[in-house]
Amino acid sequence: MMAGVVKDTCWSDNFDLKSMTRAAVVLLSGGLDSATTAAIARSEGFTLYTLSIDYGQRHRFELQTAERVAAALGAVEHRVVKIDLTQFAGSALTSSEAVPKGRGAEDMAAGIPVTYVPARNTVLLSLALGLAESCGVADIFLGVNAVDYSGYPDCRPAFVEAFEQLANLATKAGVEGTLKFKIHAPLIKMTKAEIIRRGMELGVDYSLTHSCYDPNPQGVSCGECDACRLRKAGFAEAGLTDPIQYQH
Ligand SMILES: [Zn+2]
């Protein structure tokens, strides 16, 4: 790695070049999947630099949740980048459109749901890539999962592979060969129950995490949206107790 890649504005002033060789940028939403992904990155020996994107999500405490998860996982630094995806119309996660409730697995697999945020993971990964390149970090972790919920096109293996290719073609560090970017999606082929079991083994405190698309103003999960139902089913299948509260 070239020392010149590192800039003073990167993460922190005392960023250590030596430890950076094992640093990873981890996209953290505060949800169960990204928390587990960060724990897996840590277990593989990476130093964690977590990144949350404030994209205008309706539920602002998601960002506080991500910060707590980052602290619990021992992230060296947690950064929030703000970008306004409410400019893109059409998602129940960024507008007042109703979040679907009570859907079974078949309904969830039937099509791309209204909770889809246009091009979200492409946008998020692009921001992670920009930060990673500016910091001389080659490894980026993303908690996408294609097994229990394949409704989102940007959660599929083909997307992750394509983005990794793009990362190495689209950056100075990539084309000059100073960094070989790798997009890690360790959960992509795991079921929700497998993810939860793995996270428990790694000591993830799931009471800090949040999955619901439509919590009440106090932040209590609805229990009925797709994210809640998948999470509940995952804990049940894993034979474990979900430590968070639900309205239903
Ligand atoms: Zn919910």
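For the structure itself, look to the data block above.
Residues numbered from 1 in each chain as written. Predicted model: local features only at pLDDT ≥ 70, side-chain atom pairs only at ≥ 80, totals over all residues. Heavy atoms only, no water.

Following both chains from N to C, one finds helix H5 (residues 120–135) and helix H6 (residues 157–170) inclined at 35°, their axes separated by 11 Å at the closest point. As H5 packs across H6, the resulting crossing turns out to be right-handed. Here H5 contributes Asn121, Thr122, Leu125, Ser126 and Leu129 to the contact with H6, which in turn contributes Phe159, Phe163, Leu166 and Ala167. Among the residues making up the contact of H5 with H6, the classes are represented as 6 nonpolar, 3 polar and no charged. (Axes fitted to C-alpha atoms, helices over the stretch in contact; angles between N-to-C directions. Helix = DSSP H or I, 4+ residues; strand = E, 2+ residues; numbered from the N terminus. Left-handed = near helix turned anticlockwise from the far one by under 90°. Contact = heavy atoms within 4.5 Å. Nonpolar A, V, L, I, M, F, W, Y, C, P; charged D, E, K, R; others polar.)

As a further point, take the coordination of the zinc ion. Coordination of the zinc ion by the protein is provided by Cys212 (SG), Cys222 (SG), Cys225 (SG) and Cys228 (SG), with metal-donor distances spanning 2.2 to 2.4 Å. Here the zinc ion is ringed by 4 donor atoms whose angles at the metal span 102 to 118°, and the overall shape comes out tetrahedral. One chain supplies every donor to the zinc ion, and in sequence these donors are spaced C-x9-C-x2-C-x2-C. Here Cys225 falls in the buried class, since its relative accessible area comes to 0%. (Donors = N, O, S within 2.8 Å, 3.2 Å for Na, K, Ca; no water. Tetrahedral: all angles 85-135°; square planar, octahedral: opposite > 155°, others 65-115°. Buried < 20%, exposed > 50% of the residue type's maximum accessible area, 1.4 Å probe, protein only.)

The next point concerns the sheet that holds strand E1 (residues 23–27). Across the sheet, 5 strands lie side by side as E3-E2-E1-E4-E5; this open sheet has parallel pairing. The open sheet is flanked by strand E3 (77–82) and strand E5 (182–184), the only strands paired with a single partner. Put simply, the sheet's adjacent strands are angled 25° from each other on average, direction ignored. Where strand E4 (residues 139–141) meets E5, 3 bridges bridge the pair, whose relative direction is parallel. Note that in E5 the partner of Ile140 across the bridge is Ile183. Lying over the sheet, helix H3 (residues 61–72) contacts strand E2 (47–54) and E3, oriented at roughly 175° with respect to E2. (Pairing = 2+ DSSP bridges.)

Quick look at the side chain of Ser211 now. Summarising the element assignment, Ser211 is placed in the loop between helix H8 (192–201) and helix H9 (226–238). A polar atom in the side chain of Ser211 sits 3.0 Å from the side chain of Arg231. (Polar contact = N/O pair within 3.5 Å; in protein donor to acceptor, adjacent residues only side chain to side chain.)

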